[in-house]
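Structure at a glance
Residues per chain are reported as follows:
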Amino acid sequence: MPLWKLVLLSLSPFVILSGCATYAPPRIPNAAGRPTVYENPASPGAVTGVGLESQDIVSATDRMVRDILATPVIAARQTPPRIVMDSSYFKNESSSVVNTNLLTDRFRTQLSRAAGPKMVFLARHYADMVEKERLLEQEGIVTEGTQGRTKQAYGYDYRLGGRIASLDAVDVRTGLKSRYHQITFELVERGSGVMVWSEMYEFKKAAWDSILYR
Amino acid sequence: MADVGVNAMHFGATSEAKEALDDALTIMGGTVTSPELFNSIMALGGAEKAKVFKGEPHERALCFLYRGLLYLEEGDLDNARACFKEAELQDVRLEGDSTVAGYWLSLRCLQAFANSLDPYCAQMDFPADIPDGLAVGTLDRGDDTVLLVASGLCPIKIQEEVKKGKYGLSYRPLPSDVGSVCVRGTEAVRQDGADLPIEAKDGGIPVRLMNPTEDIYIQAVSRGRREMDKVLEAKKRRALAAEGHATVGETVAQVSSQFGVWALPVTVVAVVATMSEREKAAKADSVADLRQLSSIPGSLYVVFLNSSELADRKVRLEALDPGGRVLCAREVVIPKAASSRPNVIVARVCR
């Protein structure tokens, strides 16, 4: 066989079988770290998921503050109502782990600032602190405060209750995870049990996990 | 951090466990989207182990379970339940065309326990039917103590040919000496090595669980193949094809070298082509991510108790071999639980 034919025959398998795939060596992430930066709590951060996050808490409480200020039964009373606003009756029934104090504390502080003298907030979560001081005063160990002696702690007119609930959906094939949250805030009148105000904040988040994790 | 957290739980270091598990669960519970990493792994020659390690679904579920136990201990029933629910969502699987949550008996029982402690929750929702091969202690309203015994070692991850031409991640169980777990009162202590009869009662002690509440190996393998395994198969096929080309090249080089100087160019080309194909084969052959949590147990046993019904506030916890002989035993003090804070006791048997 001529030499040129031998060369051609020898090379042909490599011509046919060689693909067009290019090889790129894996890039090992070797980025330098990042110094601490402050992020806006009202916007999504670097770490995300489908659970409750800071921007959800900010949005929910801001909306509740606006809504309650627009409710005449509470905001336009002649005598400022006394309100207890804490997490004692705020339940988390969702699949997101969250400290419910984040919601109730932000709601209370924002509303207190916005409402000014139109609403009075009772610190029932500090009741033991108040009671200890009262006992010390009664025993004569400490003097009265500058506002004189109060006979007893105030009762409330309205108390906050609420719930966080969620609904999950996962698609294993596409890696899609979605979670619907419904956060309900309600003010209940003492004695009668009438719900004088009720509002809900709902949102749904979806994210796709990379195929690496499906 | 997940390993640190789980180990800390086993050693009773709850504050360290909380910190470590919170860090780990921030990543495990999040969504990782990194286009650059994805492209480098999907390209030929990428290694799956370059991905962020989130743990396998059963590992993530266990981490959420342990974190939920910590919330239970603090009396935060809502967040404990949220952890147990999130744990079940980590292990979602495909059954036919439907996506279903994995069945974790331990998680459902722990949710029922949290419900039983919650004055606002009317239904406990304790699982009515216990699957074959599993067992759990009974739960009554008024039970304020959960005892979780972790035994054995986690299943080992391997990459293997699971079926002809199909490669992927698989598991091998590690055998454990523990066949059953018994919780009894301290007054019935074994003497002279005699085996005391155990009468399993409905409620109260002694309680003997003849099967685990959770078999981690079954949880690991019952999820089925991963989507990533299909990518690994494609890479394996390319690697085998490139290996075949290299073999052809070697043969050509050997044959043509016998023709002496006249076949020198052919030999050189064949050798160069062989080396090139071997390099492609090596880099196309990708291995499944074999990283795993080494601290998770192979089995879990869950028992519920009422601390006010225990004599001397103590129980004797025994790990028995399949023949009923005691492998190891320990007396555990069970304090009277506070009204809103149950006792959570985690025991680790490393056999």
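Keep in mind that what you see is a predicted model, and the values were worked out from it rather than measured.

When helices and strands are tallied, chain A shows five helices and six strands. Helices and strands appear in chain A in the N-to-C order α-α-α-β-β-α-β-α-β-β-β. Scored against the burial criterion, the 214 residues of chain A give a buried share of 33%. The long-range share in chain A, meaning contacts at least 24 apart out of those at least 6 apart in sequence, stands at 67%. As displayed, chain A has an accessible area near 13,100 Å², and 56% of this comes from carbon and sulfur atoms.

Take helix H5 (residues 77-90) of chain B next. Residues and elements named next belong to chain B. Taking 1.5 Å per residue, 14 residues should reach 20 Å; H5 reaches 20 Å between its end C-alpha atoms and fits that length. In terms of burial, H5 is a largely internal element, 12 of the 14 residues being buried. When we look at burial in H5, the residues that qualify are Leu77, Asp78, Asn79, Ala80, Arg81, Ala82, Cys83, Phe84, Glu86, Ala87, Glu88 and Gln90.

For B:Asp125, which is not a glycine, the phi torsion comes out positive at approximately 60°. As for its placement among the helices and strands, B:Asp125 is situated in the loop between helix H6 (105-117) and strand E3 (145-151).

The next thing to look at is the environment of A:Glu93. Tracing the chain through its elements places A:Glu93 in the loop between strand E2 (90-92) and helix H4 (100-115). Taking the C-alpha atoms as reference points, A:Glu93 and A:Ser166, 73 residues apart in sequence, are found 7.3 Å from one another. If we ignore the near neighbours within four places in the chain, the residues touching A:Glu93 are A:Arg163, A:Ile164, A:Ala165 and B:Lys85. For A:Glu93, the side chain forms a polar contact with the side chain of A:Arg163, separated by 3.3 Å.

Residues and elements named next belong to chain B. If you walk across this open sheet you meet the four strands as E8-E9-E3-E12, and the pairing is mixed. For this open sheet the edge positions go to strand E8 (214-215) and strand E12 (343-349), each flanked by a neighbour on one side alone. Where E3 lies against E12, seven bridges are found, and the strand directions are parallel. The residue bridging Ser151 from the neighbouring strand is Val349, located in E12. In the packing of helix H4 (residues 57-74) onto the sheet, contacts are made with E3, strand E9 (299-305) and E12, and the angle to E12 comes to roughly 140°.

All names here are of chain B. Taken as a whole and assessed by the stated rule, the structure comprises zero disulfides over all chains. As a non-bridged cysteine, Cys121 has Cys109 as the owner of its nearest cysteine sulfur, 15 Å distant. Here Cys182 stays unpaired: no disulfide links it, and the sulfur of Cys328, its closest cysteine neighbor, is 12 Å away. By relative accessible area, which is 0% here, Cys182 ends up buried.

Criteria and cut-off values
- Residues numbered from 1 in each chain as written.
- Chains lettered and ligands numbered in written order.
- Predicted model: local features only at pLDDT ≥ 70, side-chain atom pairs only at ≥ 80, totals over all residues.
- Heavy atoms only, no water.
- Helix = DSSP H or I, 4+ residues; strand = E, 2+ residues; numbered from the N terminus.
- Buried < 20%, exposed > 50% of the residue type's maximum accessible area, 1.4 Å probe, protein only.
- Contact = heavy atoms within 4.5 Å.
- Areas by Shrake-Rupley, 256 points an atom, 1.4 Å probe, with all protein chains shown as cover.
- Expected span 1.5 Å × (residues − 1).
- Polar contact = N/O pair within 3.5 Å; in protein donor to acceptor, adjacent residues only side chain to side chain.
- Pairing = 2+ DSSP bridges.
- Axes fitted to C-alpha atoms, helices over the stretch in contact; angles between N-to-C directions.
- Disulfide = S-S within 2.5 Å.

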